[in-house]
Amino acid sequence: MTSDADRAIEAASDGLIALSHSIHAEPELAFDEHRSAAKIVDLLRSGGFEVRAGIADLPTAFDARFGSGDLVVGICAEYDALPGIGHACGHNIIAAAAAGAGLGLAAVADALGITVRVIGTPAEETGGGKVLMLERGVFDDVGMALMVHPGPFDITGATSLALADIAVSYTGREAHASAAPEYGRNAADAATVAQVAVGLLRQHLLPGQQIHGIVSDGGTAPNIVPAHTELLYYLRATTAEALADLTERAGNCFAAGALAAGCTHEIRTVSPTYTELTPDPWLVRAYREEIIGLGRTPLPVEEEGSRPLGSTDMGNVTNVVPGIHPVIGLDSGGAVTHQAAFADACVTASADLAVLDGARALAATAARAAADPTQRARLLENVARR
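Just so it is clear, the structure is predicted and the values come from calculations on it, not from any experiment. Within each chain, residue numbers correspond to sequence positions counted from 1 in written order. The predicted nature of this model means local features are confined to residues of pLDDT at least 70 and side-chain atom pairs, given and counted, to a pLDDT of 80 or more, with totals for whole chains, interfaces and linings taken over all residues. Values shown for side chains rest on all heavy atoms present in the structure; no hydrogens or waters enter the calculation.

A. Fine view of the UniProt feature "domain: Peptidase M20 dimerisation" (unreviewed entry) in the protein chain. UniProt positions are given in the numbering used here, feature names are shortened, and annotations may be inferred rather than shown by experiment. Under the UniProt annotation, "domain: Peptidase M20 dimerisation" (unreviewed entry) lies at residues 167–249. Here a helix means four or more residues in a row that DSSP labels H or I, a strand means two or more in a row labelled E, and each is numbered from the N terminus. As annotated, residues 167–249 has a helix share of 30% and a strand share of 28%, and its two end C-alpha atoms lie 15 Å apart.

If you want it as structure tokens, here you go:
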């Protein structure tokens, strides 16, 4: 049956590569991926999928379905880009590989007794599209959720960090910076003190805890004491518990800035909290065997935990639905994700192979789980328990 899936992916290969390149050529940011979503939907509709667009009250989300089996296979597509550097995280590859896996599984859906769902999930880079969709019931009937993400090398049991995405705003009082500075309360000073405190905190963080941010608003003119500033910060940790600890300690640093400068401050959540990836062990093993069968050499298992992949809202999904988020390797010339050179690498021959190998490996992994009576029963029982 997997040979039928492979043949379907091969037949669609030109269209899948064209899709990857087309999405790459027109990068769109979180929740604004209208052209990208439409391109994926058009390809899936041409393959016989029934598509609902704008699901979960998200205009650029979609649900493409094929088949009517009791076991639902969810293949997650991402297609948002990064500001300024486009598809430097390779979401064009993710989208095309997801579409390819969906088309491959559609060819064997009746034989396997599955329903194939290619789920279009916007706003992974910021916004937490999958978190919102999970909360709104999109994954309620999904027995397993799978996707691949590009990177410089193959990682089968990829892990990630939990993430809090926050904005810290300071409010002081403006004044003439030369003629009457004593009447001002400098919100930029508050931000500076907070950043110094965060820098000192880093020495005492737990292993796996990370904190990094930028100044998104630092004032308007040198001769005006800034009355308003804003910091954007990501807090990361290996577990939700460690993230809660970091959030409290970082919060004290932000409060210290306000206290020192005589300002007030407010912390708001920019995106839903991302939880850490919890890949399903059986699916990871199956995917690893498939990717090796395609001639790839993934990172040794014992090294996988030492290379967390930043953070992803797929973590929230894998904490509810058995799933995987492996990395499909491509030749990036030494570049890493979120670099402009990596964006360039995401439309090379190596990237095109990653699209097709990713589609093949995802389809084969899902097919193996569906055909294995023990795994099929396990996945269906998980759905019933939710």
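Picking up where we left off.
B. Local environment of the sheet that holds strand 3 (residues 71–77). Strand order in the open sheet formed by six strands is 1-2-4-3-5-11, and the pairing between neighbours is mixed. Looking along the sheet, the strands with just one partner apiece sit at the ends: strand 1 (50–53) and strand 11 (323–324). Contact definition: two residues touch when any of their heavy atoms are within 4.5 Å. Think of each axis as a best-fit line through the C-alpha atoms, taken over the contacting stretch in the case of a helix, with angles from 0 to 180 degrees between the N-to-C directions. Contacting strand 2 (62–66), strand 3 and strand 4 (114–120), helix 4 (residues 91–106) runs over the sheet at an angle of about 155 degrees to strand 3. Any two strands with at least two DSSP-identified bridges between them are counted as paired.

C. Representation of the packing of aromatic side chains in the model. Two rings belonging to Phe, Tyr or Trp (six-membered ring only in the last case) form a pair when the distance between their centres is within 6.5 Å. Interplanar angles under 30 degrees mark stacking, angles over 60 mark edge-to-face geometry, and anything in between is tilted. Enumeration according to the criterion identifies three aromatic pairs in this entry. Geometrically, the ring pair formed by Phe62 and Tyr79 is stacked, given 6.0 Å between the ring centres and 15 degrees between the ring planes. Separated by 17 residues along the polypeptide, Phe62 in strand 2 and Tyr79 in the loop between strand 3 and helix 4 bring together distant segments of the chain. Residue Tyr79 is classed as buried on the basis of its relative accessible area of 0%. Exposure classes here rest on a 1.4 Å probe applied to the protein chains alone. A residue is buried below 20% of its type maximum, exposed above 50%, and partly exposed in between.

D. Layout of the nonpolar core. Buried residues of nine kinds, namely Ala, Val, Leu, Ile, Met, Phe, Trp, Tyr and Cys, make up a nonpolar core once their side-chain atoms join them within 4.5 Å. Core analysis: the largest hydrophobic core is formed by 65 residues, its most contacted members being Phe62 and Leu105. The element best represented in this core is helix 13 (residues 349–371), accounting for twelve residues. Ignoring anything within four residues of it in the chain, the contact list for Phe62 reads Ala37, Ile40, Val41, Leu44, Val51, Arg52, Ala53, Ile55, Tyr79, Val118, Ile119 and Gly120. Within the second largest apolar cluster, 27 residues are counted, among which are Val168, Ala190, Ile211 and Cys263.

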